[in-house]
Amino acid sequence: MSAAKVPVKPRPCDFSTPAIEVRGLVNAFGSQVVHDGVDLTVNRGEIVGVVGGSGSGKSVLMRAILGLRRPQAGSVRVFGIDALADDEASRLAIETQTGVLFQGGALFSSLSVLENIMVPLKEHNELSDDLMHALCWMKMRLAGLPSSAAEKLPAQLSGGMKKRAGLARALALDPPLLFLDEPTAGLDPIGAAAFDDLILNLKRSLGLTVFLITHDLDTLYAICDRVAVLADRKVVACAPIAEIERFEHPWVQEYFHGPRGRAARREA
């Protein structure tokens, strides 16, 4: 009889290091090079907004940081852990220390909201059903979901509610690092502003670090500590938005000083 498999424990993180460190990252699809030497540091406790034109590889960068894509070259560390390592202990460390809100929420269509939030807890913890239910209810409240949403299927939710349900699931394991991919896309201005406020309040109350992909200028001005600009296959600038506005790059100038940029700046 073979010996029982010993459960693998996540590799310990080093929380004295930056939340994310990317160096010399190269991502390519065949002959198409998306990133050619990307460098980016995200410090603990800050919200960094990532912007760039269509095809600049914002989501590709996020997937590489999460270890969901192996780049052609470069290194990625999350709280000191090598995100590109093949060992299970490193993979578990990244999974348990990060939460991800994908575009549209990416909820399991056949599961209720409560069951969706429970998925990470079932995968990474051995908790009683009662405790898991209590934790899921807490995450629902943190995400601003009403109790009436608990037993609903994703198809029965509005766009804003789906985002909040996806956020509640991303928070299920109490991760210190949150990835948000276009969280306000498709929301009306009031709903988008409310979601921005929610993220900012969660960051302040829970001490979260947030990697935020967005094209929403209002979001950049309202909640981001720094903005990283992907252009020319690199991060050409990463600084507070007041400095980014002055950065002499054609895409940056068009993006931040066009009509929408001027409107967002007036509202900030």
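As the structure is a prediction and not an experimental result, all values here were calculated from the model.

Caption draft 1: Just the packing of aromatic side chains, in detail. Summed over all chains, the structure comprises four aromatic pairs. Pairing W251 with Y255 gives two aromatic rings, centres 4.5 Å apart and planes at 15 degrees, and the pair type is stacked. A residue pair is termed a helical-turn pair when its members lie 3 or 4 positions apart in one helix, as W251 and Y255 do in helix α9 (residues 250-257) at four residues. The partly exposed category is assigned to W251, whose relative accessible area is 21%. On the numbers, 5.0 Å between centres and 85 degrees between planes, the contact of Y255 with F256 is edge-to-face. By relative accessible area, F256 is classed as buried at 0%.

Caption draft 2: Highlighting the nonpolar core. Counting 51 residues, the largest nonpolar core has L167, L220, V227 and F256 as its most contacted members. Looking at this core element by element, the count peaks at six residues for helix α6 (residues 189-206). Core analysis: the next-biggest nonpolar cluster, separate from the first, contains 30 residues, V38, A93, V100 and F211 among them.

Caption draft 3: Structural detail: the pattern of salt bridges. Considering all chains together, one arrives at seven salt bridges under this definition. In this structure, the salt-bridge partner of R11 is D87, at a minimum N-O distance of 2.7 Å. Of this pair, R11 sits in the segment before β1 (20-29) while D87 sits in the loop between β5 (81-82) and α2 (88-97); the two residues are 76 residues apart in sequence, bridging distant segments of the chain. Its salt-bridge partner being R226, residue E46 comes within 2.6 Å of it at the nearest N-O pair. Of this pair, E46 sits in the loop between β2 (32-42) and β3 (47-52) while R226 sits in strand β9 (residues 226-231), placing them 180 residues apart in sequence.

Caption draft 4: Local environment of the packing of helix α5 (residues 159-170) against α6. Remark: α5 packs on α6, axes separated minimally by 11 Å, with the N-to-C direction vectors making an angle of 15 degrees. As summarised for this structure, α5 and α6 are arranged roughly parallel, according to the angle between their axes. When the axes of α5 and α6 are compared, the crossing they make is right-handed. Facing K163, R164 and L167 of α5, the residues of α6 in contact are A194, F195, L198, I199 and L202. Partitioned by chemical class, the residues of the contact of α5 with α6 number six nonpolar, no polar and two charged.

Caption draft 5: Quick look at the sheet that holds β1. Taken in spatial order, the four strands of this open sheet run β2-β1-β4-β5, and their pairing is antiparallel. A strand with exactly one partner marks an edge of an open sheet, and here the two such strands are β2 and β5. In this sheet, strand β4 (residues 73-78) lies alongside β1 in antiparallel orientation, the contact comprising five bridges. By the bridge assignment, E21 is partnered in β4 with R77.

Caption draft 6: Main features of the side chain of T96. By secondary structure assignment, the location of T96 is in helix α2. Here A93 takes part through its backbone oxygen, which lies 3.3 Å from a polar atom of the side chain of T96. Once you skip the residues sitting within four places of it in the chain, T96 turns out to touch P10, H124, L173 and P175.

Caption draft 7: Just the pairing of β3, in detail. Taking burial as the measure, the six residues of β3 include six buried ones, the bulk of the element. Burial of β3 is two-sided: the residues I47, G49 and V51 facing one way and the residues V48, V50 and G52 facing the other way are all buried. By the bridge criterion, four bridges tie β3 to strand β8 (residues 209-213) in an arrangement that is parallel. Looking at the pairing, I47 lines up with V210 of β8.

Caption draft 8: The arrangement of helix α4 (residues 129-142) in detail. The end-to-end C-alpha distance of α4, which contains 14 residues, comes to 20 Å, matching closely the 20 Å that a straight helix rising 1.5 Å per residue would cover. For α4, every residue scored as buried is listed here: M132, C136, K139 and M140. Considered in projection along α4, the buried side chains sweep an arc of 105 degrees and stay on one side of the axis. Exposed and facing more than 90 degrees away from the buried side of α4 are D130 and R141. Buried positions along α4 lie against α3 (113-124) and α5.

Calculation notes
Residues numbered from 1 in each chain as written. Predicted model: local features only at pLDDT ≥ 70, side-chain atom pairs only at ≥ 80, totals over all residues. Heavy atoms only, no water. Phe/Tyr/Trp six-rings, centres within 6.5 Å; stacked < 30°, edge-to-face > 60°. Helix = DSSP H or I, 4+ residues; strand = E, 2+ residues; numbered from the N terminus. Buried < 20%, exposed > 50% of the residue type's maximum accessible area, 1.4 Å probe, protein only. Core = buried A, V, L, I, M, F, W, Y, C linked by side-chain atoms within 4.5 Å. Salt bridge = Lys/Arg side-chain N within 4 Å of Asp/Glu carboxyl O. Axes fitted to C-alpha atoms, helices over the stretch in contact; angles between N-to-C directions. Parallel < 35°, antiparallel > 145°, perpendicular 65-115°, else oblique. Left-handed = near helix turned anticlockwise from the far one by under 90°. Contact = heavy atoms within 4.5 Å. Nonpolar A, V, L, I, M, F, W, Y, C, P; charged D, E, K, R; others polar. Pairing = 2+ DSSP bridges. Polar contact = N/O pair within 3.5 Å; in protein donor to acceptor, adjacent residues only side chain to side chain. Expected span 1.5 Å × (residues − 1). Arc of directions from axis to C-beta.

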